[in-house]
Amino acid sequence: MEHTRLTVTLQPGHGTLARLAATLNNHHVLDLTYTTAPADTATAVVCVAQSDALRAQHKLRRLVDVIDVTPSPTEAADVPHTRHDATDAPRLSAVRPAL
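Residues numbered from 1 in each chain as written. Predicted model: local features only at pLDDT ≥ 70, side-chain atom pairs only at ≥ 80, totals over all residues. Heavy atoms only, no water.

**Observations concerning the overall build of the protein**
Item 1. Scanning the protein from N- to C-terminus turns up two helices and four strands.
Item 2. Element order for the protein, N to C, with α for helix and β for strand: β-α-β-β-α-β.
Item 3. A total of 99 residues make up the protein; the buried ones form 28% of that total.
Item 4. When the accessible surface of the protein is split by element, carbon and sulfur atoms take 53% of a total near 7,100 Å². (Helix = DSSP H or I, 4+ residues; strand = E, 2+ residues; numbered from the N terminus. Buried < 20%, exposed > 50% of the residue type's maximum accessible area, 1.4 Å probe, protein only. Areas by Shrake-Rupley, 256 points an atom, 1.4 Å probe, with all protein chains shown as cover.)

**So, helix 1 (residues 16-23)**
Item 1. Inspection of helix 1 places Thr16, Leu20 and Thr23 among the buried residues, and these make up the whole buried set. Projected down its long axis, helix 1 carries its buried residues within an arc of 65°, all on one side. In helix 1, the exposed residues that point more than 90 degrees away from the buried face are Ala18 and Ala22.
Item 2. In the core, the buried residues of helix 1 are packed alongside strand 1 (3-10), strand 2 (29-37), strand 3 (41-49) and helix 2 (50-61). (Arc of directions from axis to C-beta. Contact = heavy atoms within 4.5 Å.)

**What about a nonpolar patch on the surface?**
Item 1. Nonpolar side chains collect at one region of the surface, where Leu17, Val29 and Leu32 lie side by side and expose about 200 Å² of accessible area between them.
Item 2. With respect to the helices, strands and loops of the structure, Leu17 is situated in helix 1.
Item 3. Look at Leu17 and you get partly exposed, because its relative accessible area is 39%. (Patch = residues over 30% accessible without salt bridge, like charges linked within 9 Å, V, L, I, M, F, W, Y side chains within 5 Å. Salt bridge = Lys/Arg side-chain N within 4 Å of Asp/Glu carboxyl O.)

**Structural notes on the side chain of Asp65**
Item 1. With respect to the helices, strands and loops of the structure, Asp65 is situated in the loop between helix 2 and strand 4 (66-74).
Item 2. By relative accessible area, Asp65 is classed as buried at 14%.
Item 3. Here Thr16 takes part through its side chain, which lies 3.1 Å from a polar atom of the side chain of Asp65.
Item 4. Only 2.6 Å separates the side chain of Asp65 from the side chain of Arg19, close enough to count as a polar contact.
Item 5. Beyond its immediate chain neighbours, meaning those up to four positions away, Asp65 contacts Thr9, Leu10, Gln11, Thr16 and Arg19. (Polar contact = N/O pair within 3.5 Å; in protein donor to acceptor, adjacent residues only side chain to side chain.)

**Re the environment of Thr9**
Item 1. Looking at the element boundaries, Thr9 is found in strand 1.
Item 2. Judged by its relative accessible area of 28%, Thr9 is partly exposed.
Item 3. Contact partners of Thr9, with chain neighbours within four places excluded, come to Ala42, Asp65, Val66, Ile67 and Asp68.

And the structure:
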């Protein structure tokens, strides 16, 4: 599977990371890193399946906190992989948020 890395420059604020995660909820995200700097900027690097990259990029650009989104193709060796055995893999469909 081909992947694309999206580098997102953000203006950090209350709920920025939550909005970022909610925006990417329907896409196949392989990796997400979020870092902040003292100069009131944040950077998120999101690795998504290439088939989701264009749509994810457009959705990210619509976020209020986003300054810029830069795509770059990734090599298979650049994509981090986390392995879970079938018995201990988290089942996200079974998890419901507390009300």
